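# Geometric and topological summary
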2 protein chains.
Amino acid sequence: VRSGLRALSEIRRFDEEADVLVLGLGAAGAAAAIEAARAGARTLVLERASGGGGTSALSGGVLYLGGGTRLQRACGFEDSPEAMFGYLMASVGLDPDEAKTRLYCEGSPEHYEWIVAQGVPFKETFYHGCSGEPPTDDGLVWSGSERCHPYSEIAEPAPRGHVPRHPHQTGHVLMRHLIESAQSAGARIEGDARATALVMDGDGAVVGAVASRFGEEQSFRARGGVILATGGFVNADAMLRRFVPLALRCSLRVGAEGDDGSGIRLGMAAGAATLHMDAASISLPITQPWGLKRGVLVNAQGQRFVNEDAYYGRLGEAALFHQDGRAWLVVDDEVFEEPEYMKRVAAVGGTPAELEAELGLPAGSLVSTLALYNEHAAKGEDPLFAKQAEYLKPLATPPFGAFDCTTEKALYAVFTLGGLASDVDGRVLDPEGVAIPGLFGAGRCTSGIAVGGYSSGLSLGDGTFFGRRAGRAAAARRRSS
Amino acid sequence: VRSGLRALSEIRRFDEEADVLVLGLGAAGAAAAIEAARAGARTLVLERASGGGGTSALSGGVLYLGGGTRLQRACGFEDSPEAMFGYLMASVGLDPDEAKTRLYCEGSPEHYEWIVAQGVPFKETFYHGCSGEPPTDDGLVWSGSERCHPYSEIAEPAPRGHVPRHPHQTGHVLMRHLIESAQSAGARIEGDARATALVMDGDGAVVGAVASRFGEEQSFRARGGVILATGGFVNADAMLRRFVPLALRCSLRVGAEGDDGSGIRLGMAAGAATLHMDAASISLPITQPWGLKRGVLVNAQGQRFVNEDAYYGRLGEAALFHQDGRAWLVVDDEVFEEPEYMKRVAAVGGTPAELEAELGLPAGSLVSTLALYNEHAAKGEDPLFAKQAEYLKPLATPPFGAFDCTTEKALYAVFTLGGLASDVDGRVLDPEGVAIPGLFGAGRCTSGIAVGGYSSGLSLGDGTFFGRRAGRAAAARRRSS
């Protein structure tokens, strides 16, 4: 009777049978399918689109990995699981999952080898600059706030953005290889099949799913388990309104059409708990090229509110969640250069006072902020927000200008981070923390490593890492049954 | 098999039967029981404590009502449902429930008469000052941010805190009368009965509950419906960590022992959706007496971040959620007086620079903030945060002092606002917005009027208001079955 859930007794005869049924063929689903099939499970993947790839294929393709991967070493960087763990626990939001994070950091070097073993190519060169998505085919980039206050004081920084070889935006390269690998391993992939319900037996175990294919309903038995890998909910307006209403104001929703929260709702219908549904990655890529970090980001009161050298994922979260999406990046003539993503100059003035008036900021507010900033910057100091010294210089060369960083005018890129509660083996948990038998999850339909404070590559990273574990756990459940 | 949920087929014989079963005897449960019993339903209330009252009895007793109640008119204040609706929709957080809010505002004058009809006494006098919980037995107080920017520009302000007659902290007066009224109406009350599971039939309808009484399990059939009125989850550490981790840093949790989220988890086990689980009321009562609103509240960067005349519920939310619980209220000798709740002076200095150094704030930061503030305050202006003119005066008379408003040293009083999704008749909803047959909810185990930006009295207000509606709806369901 519950929407999204069907009783086993209602299913007369399953149309197809498998050991492991994977719902969704993005990075998490592909990794789960590869490992389930390799473990000997008859593995079937249902994907609602005609072909696999999902949001992962549309993404920049960065995987956040570290702890001393072969690629990091080849590029001359030292890293350790401890340093990576220290950075993540401090940066990825309030109350991250410690067990998942620890395992992820310790398993990261091996996971990189696994990704490579699926045929994904990486060029062993480092790109300095332009966080997140390099415009070159270099393999390693900075993709977080590792070198910024306060993280640099907490853990030794290292670049951890691992990027498959391709000029810019390489998610499709990653997905092509993962899907080929899943097929080689023996997983069967069916497109145009959108899951509409989970099937539960009388003991409360998930034993299959129902999917809509070309308008007809088909049922699929899963002897070992069903793995939800259906993505987040950035394209579900009703869910955004309930859980992350500010996200509705973002100009760019990062996600394939399928990121409509359907898998999360299927899990909930089966009794799953959700976690961190209010968390989101909010990117405000205003400080590329990096020279723009020498600017000053101010709110509607003309006050600074964050160290401008923080990763653009942090800037977006700070501006949207804590400043109501009202912000401007102030530069002087010396700092000014053409931004990569945000071109709109909100105002120009011959003096800070003129600029302040043009922006409509409270009288004296920006003038006061700049006076204090400049006084300290001249000494290479930033006692308010501890921006790195290399980005500190007084803003004193007219004319002065401000880039518009309001939600109305700037690029705010959002995707959701909240989802089903799961353990380190992908078992989906009920509100009491008890696993729902036969139900697994991975990727952004689950709550993963990042619950805020995003660093690029964490979703492809934890999706593939815990997708693998879910695939193995579901396959093992079949063997033991 | 699911924790918190039992199949009807498992229950051999119910120990007791009722038409309407109410779980929890705080204000919401009492209101539900009164109306269900009056509608002719055999009504049974189970309360886990030995006696009724719950958090409501421990509270200040304020009911946020308006729209032109008899008490407001007797005290010489005009109000309208439109003004109340305008204020609430603008102030109570992101994406409040419009349908509930509209009904609440329109029904508020009648609801006040209903409260009075239960025997709850109100003195028809107004207390000016000291928001929320007057130290006198006056009946009407300001209990929100109605007169502050931006709300005063959105809706005509009126005081809406309705306080049962008693010197200070009058929740127990309210509860004594509501419980007596429930008993007079014929509702039966059983103490020491803690609900541990809901009972669901094969069609997915809730038809009863199981409760633990003196260590034994008893089962209760509910022909019309079960009404969850079990309170919030401020005393459930695990839930706070998941949903409102910053709340764990608050020094005072406002709630009886029973506010452990158990009813919310029962609802979830039956398939209910939750809403706004990250929302909380965070009170930081630092500006009582009101003269202290003339001070300046600064963050760890020495910056102001809110209009200091906002209600203390807003101040707490701003300081905890957006400033990491790091704040100080700066005063000069002229403004200084003994605060009511927060006595700790963090530092004193002969000049703003000395105070700044004593507080360990960044060099020049507080000096700069005060210079700008004073310049405008001298003209009766506050272009940054639009504090009301009566609280604007330059802080220029030494010595200068700062009250400690950090979570470590100050009183932060918290309770949770998130809970089960429900409609205006208390029907508990699943993630698709479909009512779960036979399951109702009211009070703080549901998401109500306030989803942030708290004004005092909203929880007793919406708990009793929607409790009544839930009681009537459950009784009607019995009649139509």
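Description of the structure in this document.

## So, the packing of helix α11 (residues 352-359) of chain B against helix α12 (residues 365-377) of chain B
Residue and element names in this part refer to chain B.
- For the pair α11 and α12, interaxial distance at closest approach is 8 Å and the crossing angle is 140 degrees. Judged by the angle between their axes, α11 and α12 are oblique. The way α11 lies across α12 gives a crossing that is right-handed. For the pair formed by α11 and α12, the contact residues are Pro-352, Ala-353, Leu-355, Glu-356 and Leu-359 on the first element and Ser-365, Leu-366, Val-367 and Leu-370 on the second.
- Looking at the contact of α11 with α12 residue by residue, the class counts come to seven nonpolar, one polar and one charged.

## Describing the sheet that holds strand β7 (residues 161-162) of chain B
Residues and elements named next belong to chain B.
- Spatially, the four strands line up as an open sheet ordered β4-β7-β6-β5, and their pairing is mixed. Looking at the sheet topology across the chains shown, the edges are occupied by β4 (63-64) and β5 (126-127).
- Note that β4 and β7 share two bridges and pair antiparallel. Among the inter-strand pairings, Leu-63 is bridged to a residue of β7, identified as His-162.

## Overview of helix α10 (residues 312-323) of chain B
- With ten of its twelve residues buried, α10(B) lies for the most part within the structure.
- Turning to α10(B), its buried residues are B:Tyr312, B:Gly313, B:Leu315, B:Gly316, B:Glu317, B:Ala318, B:Ala319, B:Leu320, B:Phe321 and B:Gln323.
- Contact partners of the buried residues in α10(B): α10 (312-323) of chain A together with β14 (280-283) and β15 (296-298) of chain B.
- Backbone geometry just after α10(B) places B:Asp324 at a positive phi near 60 degrees.

## Here's the deal with helix α7 (residues 171-184) of chain B
Residue and element names in this part refer to chain B.
- In a regular helix each residue adds 1.5 Å, so 14 residues correspond to 20 Å; α7 covers 20 Å between its end C-alpha atoms and thus fits that length.
- The inward-facing, buried residues of α7 abut α1 (27-38), α2 (54-58), β4, α5 (98-117), β8 (188-190) and α13 (458-480).
- Backbone geometry just after α7 places Gly-186 at a positive phi near 105 degrees.

## A closer look at the pattern of salt bridges
- For the structure on display, the rule yields 64 salt bridges over all chains.
- Linking A:Arg468 and A:Glu35 is a salt bridge whose minimum nitrogen-to-oxygen distance equals 3.2 Å. Here A:Glu35 lies in helix α1 (residues 27-38) and A:Arg468 lies in helix α13 (residues 458-480), a separation of 433 residues in the sequence. With respect to burial, A:Arg468 and A:Glu35 carry one shared label: buried.
- Between B:Arg223 and B:Asp19 there is a salt bridge, and its shortest N-O distance comes to 3.4 Å. With B:Arg223 in strand β11 (residues 216-228) and B:Asp19 in strand β2 (residues 16-23), the pair connects residues that are 204 residues apart, well separated along the chain.
- Each member of the salt-bridge network shares a partner with another, and the members are A:Glu16, A:Arg188, A:Glu190 and A:Arg213.

Reading guide: rules and limits
Residues numbered from 1 in each chain as written. Chains lettered and ligands numbered in written order. Predicted model: local features only at pLDDT ≥ 70, side-chain atom pairs only at ≥ 80, totals over all residues. Heavy atoms only, no water. Axes fitted to C-alpha atoms, helices over the stretch in contact; angles between N-to-C directions. Helix = DSSP H or I, 4+ residues; strand = E, 2+ residues; numbered from the N terminus. Parallel < 35°, antiparallel > 145°, perpendicular 65-115°, else oblique. Left-handed = near helix turned anticlockwise from the far one by under 90°. Contact = heavy atoms within 4.5 Å. Nonpolar A, V, L, I, M, F, W, Y, C, P; charged D, E, K, R; others polar. Pairing = 2+ DSSP bridges. Buried < 20%, exposed > 50% of the residue type's maximum accessible area, 1.4 Å probe, protein only. Expected span 1.5 Å × (residues − 1). Salt bridge = Lys/Arg side-chain N within 4 Å of Asp/Glu carboxyl O.

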